[in-house]
Amino acid sequence: MLPGVAAGPPAVFLESIVFTFPCLKRILAMSTSLLEEPAVQAATGSATSHAERLRTSMMAMRLSFTWFGTRKTLSADQKDQAAESFGAEGSFLSAGKKLIDVKHPAFKAVSSIKNKAVRYFREVSLPYPEAGIRLIRPDRLDEVNRQMEAFRSDLGDAVYHLARAYAHLKALARERLGTLYNEGDYPPALSGLFGISWEFPSVEAPDYLQQLNPEVYRQECQRVQQRFSEAVQLAEQAFTEELAKLVSHLTERLSGTENGERKVFRDGVIENLTEFFDRFRQLNIGSSEQLDGLVNDARRIIRGVRPQALRDDTNLRQHVATEMSRVQSVLDGLLINQPRRNILRRP
């Protein structure tokens, strides 16, 4: 998730993952039962109704990270010097240096908190067709806020331990970079160079436009409606791709042998599918009857099946593999027919 190169000292950059939600009064007026009743997950109504339901029943957040840049581009003179050994021109080279060892346990601990925060948001949200925007259920806002506070606290603890190792990391960099080492590339301390924050912007057309220019306001409302129509399609695509990946992995683990022996089958293969079913139940808006049916089929096939039973019972392995192969075949057809879209454009 970290961009490859940071520009100059102090090597700090800000990256954002955006999760934006409709206007607050719309959210407060909605009926949360739309998401809680399984019956409404059947695909009914037009695409417009699904988009409107998504628009009125979801919210989102913008999650931002302040992060110490661990790479820096070489100066023009340094690139010229490196190019000489290859008989090349420095202007045709792209080169950089690592400021610190990102594989050091202290830095890996800091990066792990960031990765967990991003992964958590992906698990509780749906994509939206603007850079970094994702939508989330408003009834989970308190839960999400508490979890983000926990991530912030964990990050603070991890940065504290990284700061204690900072002098050692700089010494290692001085040794490994040689003449490329420059003390000016390093801030005197890490305080304020790592952070996590979140906010709640709106994707709705601003009300003041209606008074200033009704035509512009109308156009903006149409744009927002189109965005949510695209968001419905993005959600279907994301769910289809994830289910296809999980089903494919399951059938691959259950079929054939590896080095003459039965393939290793870990509990996580079933657990990942079960977690997907739960997430689908919470976030699905029922816009695709075919996808709903495939999810139900996959859930039915593994319902009550224990991982150990799949390891011990050859007939059960074959039955589950055969049934899941049928699901996989239909999923493959869906993926071929779906237009490719960028689910989440990162900054």
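Note: the structure precedes this text.
What you see is a predicted model; the values in this text were computed from it and never measured. (Residues numbered from 1 in each chain as written. Predicted model: local features only at pLDDT ≥ 70, side-chain atom pairs only at ≥ 80, totals over all residues. Heavy atoms only, no water.)

> Looking at this model, I keep getting lost on the overall build of the protein chain. Mind explaining?
Secondary structure summary: the protein chain contains twelve helices and ten strands in total. For the protein chain, the proportion of its 347 residues judged to be buried stands at 44%. Sequence separation of 24 or more characterises 78% of the internal contacts of the protein chain that already satisfy a separation of 6 or more. Accessible surface for the protein chain amounts to roughly 18,400 Å². Of this, 50% is attributable to carbon and sulfur atoms. (Helix = DSSP H or I, 4+ residues; strand = E, 2+ residues; numbered from the N terminus. Buried < 20%, exposed > 50% of the residue type's maximum accessible area, 1.4 Å probe, protein only. Contact = heavy atoms within 4.5 Å. Areas by Shrake-Rupley, 256 points an atom, 1.4 Å probe, with all protein chains shown as cover.)

> Would you mind going over the sheet that holds strand β2 (residues 59–60) with me for this structure?
Hydrogen bonds along the backbone pair up the strands of a sheet, which may run parallel or antiparallel. Spatially, β2-β7-β6 is the arrangement adopted by the three strands of the open sheet, whose pairing is antiparallel. In this open sheet, the two edge strands, each paired with only one partner strand, are β2 and β6 (125–127). Looking at chain direction, β2 and strand β7 (residues 134–136) are connected through two bridges and run antiparallel. Of the residues in β7, the one forming a bridge with methionine 59 is isoleucine 136. (Pairing = 2+ DSSP bridges.)

> Teacher, can you tell me more about the pattern of salt bridges here?
Note on pairing: side chains with opposite charge can pair once their charged atoms come close. Overall, the coordinates contain 23 salt bridges when judged by the stated rule. Between arginine 55 and glutamate 204 there is a salt bridge; the shortest N-O distance is 2.7 Å. Linking arginine 55 in helix α3 (residues 47–57) with glutamate 204 in the loop between β8 (195–199) and α7 (208–212), this pair joins segments that are 149 residues apart in sequence. The residues arginine 55 and glutamate 204 share a single accessibility class, namely buried. Residue glutamate 252 pairs with lysine 263 through a salt bridge whose shortest N-O separation is 3.0 Å. Of this pair, glutamate 252 sits in helix α8 (residues 214–254) while lysine 263 sits in the loop between β10 (261–262) and α9 (267–283), and the two are eleven residues apart along the sequence. What makes lysine 263 buried here is its relative accessible area of 14%. The network of salt bridges with common partners includes Glu130, Glu220, Arg223, Arg227 and Glu230. (Salt bridge = Lys/Arg side-chain N within 4 Å of Asp/Glu carboxyl O.)

> Can you help me understand α9 in this one?
Because each turn of an α-helix spans 3.6 residues, side chains separated by three or four positions end up pointing in the same direction. A rise of 1.5 Å per residue sets the reference length of α9, with its 17 residues, at 24 Å; its end C-alpha atoms lie 25 Å apart and thus fit the reference within 8%. Every buried residue belonging to α9 is among Val269, Ile270, Leu273, Phe276, Phe277, Arg279, Phe280, Gln282 and Leu283, and all of these are buried. (Expected span 1.5 Å × (residues − 1).)

> Please clarify how the packing of helix α10 (residues 289–302) against helix α12 (residues 314–337) should be interpreted in this entry.
Packed helices, taken two at a time, are described by the angle between their axes plus the distance between the axes. Running from amino to carboxyl end, α10 crosses α12 at an angle of 165 degrees, the nearest separation of the two axes being 10 Å. Compared by their axis directions, α10 and α12 come out roughly antiparallel. Every pair of crossing elements has a handedness; the one defined by α10 and α12 is left-handed. Two secondary-structure elements touch here, α10 through Gln290, Leu294, Asp297, Ala298, Arg300, Ile301 and Ile302 and α12 through Val320, Glu323, Met324, Val327, Val330, Leu331 and Leu334. Partitioning the contact of α10 with α12 into residue classes produces ten nonpolar, one polar and three charged. (Axes fitted to C-alpha atoms, helices over the stretch in contact; angles between N-to-C directions. Parallel < 35°, antiparallel > 145°, perpendicular 65-115°, else oblique. Left-handed = near helix turned anticlockwise from the far one by under 90°. Nonpolar A, V, L, I, M, F, W, Y, C, P; charged D, E, K, R; others polar.)

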